[in-house]
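Chain and residue survey
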Amino acid sequence: MKNNNNGKTLLIYLLVSVAIICGLVYMLTSMSTKSSDKKYSEIMEQFDSLNVSQFELDLGSGQLKYKLKGEDKVYSYTVPNVSLFANEVLGGEDAENYRKKYNTENPDDPLQYNLIPISDNSFWLNLIPTLLMLGVMIFFFVFMMKNAGGGKMSSFGKTNAKMAPSSKKATFDDVAGADEEKEELKEIVDFLRDNKKYTEIGARIPKGVLLLGPPGTGKTLLARAVAGEARVPFFSISGSDFVEMFVGVGASRVRDLFEQAK
């Protein structure tokens with residue numbers, strides 16, 4: 001039931017994120033393609049008849065604002081091709097462009113025009129969808145990591161050691177043979193039972209005991225027997241549980257294991 005709820009929640013987040021991305025892309029696209037109801041030919045007809053007294057052109061977005069003769073109203077239009085429009089209206093220095101024609105016809109009231117240079121914001125506009133997609137991917141990665149395996153993200157770096165139940169405790173009587181090893185480990189058992197007499201005489205506390213041998217020779221059973229004889233908890237963990245692809249996680253699990261043992 002919990003997995004179904006997690007799946008539904010993930011699906012809802014996915015649909016909402018896709019809707020937001022589509023909305024932003026549509027807004028950016030509509031902003032760049034927005035235009036008035038007028039046709040380009042109608043705009044050029046006003047210029048051909050020398051009826052435009054002043055205009056302002058944004059060379060980046062193609063936004064054109066202009067006034068007609070004898071009118072104070074400002075009209076706006078989005079030029080589909082800025083280079084073509086600028087060439088037709090302004091032209092070169094030697095060309096008989098609109099500015100020269102208008103000033104010749106209206107020497108007392110010359111043409112007023114302004115060209116707004118291209119602002120370097122296209123890079124950021126193109127980067128917004130990429131950053132948004134990257135953020136959504138990171139969000140879903142973290143979301144899935146938290147919900148994978150019942151939300152074990154908080155236990156990342158924690159040890160997987162399991163403490164053996166008291167019903168499964170073993171003693172030296174359960175270990176067949178290994179008489180020399182059991183004799184050597186009796187001092188460890190005595191230390192675990194009462195370590196004060198060792199610390200009072202200045203004895204060094206052992207860092208641990210390393211049991212070596214091929215698989216199946218009873219190393220784990222012998223370790224359980226030591227814990228059972230000393231009446232202390234027994235933690236069991238394999239060496240592969242300390243191996244991790246992330247650097248430092250294995251050492252963190254070792255430290256956490258010893259903290260639990262303490």
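Treat the numbers as computed from the prediction; the structure is a model and nothing was measured.

Next up on the list: the pattern of salt bridges. Evaluation of the coordinates by the stated rule reveals four salt bridges. A salt bridge links Lys182 to Asp179; its shortest N-O distance comes to 3.9 Å. With Lys182 and Asp179 both in helix α6 (residues 179-193) and three residues apart, the pair spans about one turn of that helix. Of the residues examined, Asp179 reaches a relative accessible area of 57% and is grouped as exposed. The partner of Lys186 in a salt bridge is Glu183, with the nearest N and O atoms 3.4 Å apart. With Lys186 and Glu183 both in helix α6, this residue pair falls three residues apart, about one helical turn. Residue Glu183 is classed as exposed on the basis of its relative accessible area, which comes to 51%.

The next thing to look at is the packing of aromatic side chains. All chains considered together, the criterion is met by six aromatic pairs. Taking the centre distance of 5.5 Å and the plane angle of 80° together, the rings of Phe47 and Phe85 count as edge-to-face. With Phe47 in helix α2 (residues 40-48) and Phe85 in helix α3 (residues 82-89), this residue pair connects regions lying 38 residues apart in the sequence. Among the residues examined, Phe85 registers a relative accessible area of 1% and is labelled buried. Aromatic side chains Phe47 and Tyr98 sit 5.0 Å apart centroid to centroid with 75° between the ring planes, which places their arrangement in the edge-to-face category.

Moving on: the sheet that holds strand β2 (residues 63-68). What the four strands build is an open sheet, ordered β3-β2-β1-β4; its pairing is mixed. For this open sheet the edge positions go to β3 (75-78) and β4 (112-116), each flanked by a neighbour on one side alone. Between one strand axis and the next, the sheet turns by 15° as a mean value, whatever way the strands run. In terms of strand pairing, strand β1 (residues 52-58) meets β4 through five bridges, oriented parallel. Bridge pairing in β4 links Gln54 to Gln112. Along the sheet, α2 contacts β1, β2 and β3; its crossing angle with β2, the most-contacted strand, is approximately 45°.

Moving on, we get to the layout of surface pockets. Estimates place the volume of the largest pocket at around 1,500 Å³. Along the walls of the largest pocket sit 31 residues, with Gly208, Val209, Phe234, Phe235 and Phe258 positioned nearest its centre. Breaking the lining of the largest pocket down by element, the ones donating at least two residues are α6, α8 (219-230), β6 (235-236) and α9 (249-261). In terms of residues, the lining of the largest pocket owes the most to one element, α8, which gives six residues. Of the residues belonging to the lining of the largest pocket, the class tally is 23 nonpolar, five polar and three charged.

Look at α6 against α8: their axes get within 9 Å of each other, and the N-to-C directions meet at 40°. By the criterion of interaxial angle, the relationship of α6 to α8 is oblique. Classified by chirality, the crossing of α8 by α6 is right-handed. Two secondary-structure elements touch here, α6 through Glu181, Lys182, Leu185, Ile188, Val189, Leu192 and Arg193 and α8 through Leu222, Val226, Glu229 and Ala230. Residue classes in the contact of α6 with α8 are distributed as seven nonpolar, no polar and four charged.

About the thresholds
- Residues numbered from 1 in each chain as written.
- Predicted model: local features only at pLDDT ≥ 70, side-chain atom pairs only at ≥ 80, totals over all residues.
- Heavy atoms only, no water.
- Salt bridge = Lys/Arg side-chain N within 4 Å of Asp/Glu carboxyl O.
- Helix = DSSP H or I, 4+ residues; strand = E, 2+ residues; numbered from the N terminus.
- Buried < 20%, exposed > 50% of the residue type's maximum accessible area, 1.4 Å probe, protein only.
- Phe/Tyr/Trp six-rings, centres within 6.5 Å; stacked < 30°, edge-to-face > 60°.
- Pairing = 2+ DSSP bridges.
- Axes fitted to C-alpha atoms, helices over the stretch in contact; angles between N-to-C directions.
- Contact = heavy atoms within 4.5 Å.
- 1 Å grid on protein atoms, 1.4 Å probe; cavity = no way out; pocket = protein on both sides within 12 Å on 5 of 7 lines; lining within 4 Å.
- Points joined across faces, edges and corners; volume = space filled by probe spheres on them.
- Nonpolar A, V, L, I, M, F, W, Y, C, P; charged D, E, K, R; others polar.
- Parallel < 35°, antiparallel > 145°, perpendicular 65-115°, else oblique.
- Left-handed = near helix turned anticlockwise from the far one by under 90°.

Functional significance is not addressed by these values, which are geometric in nature.
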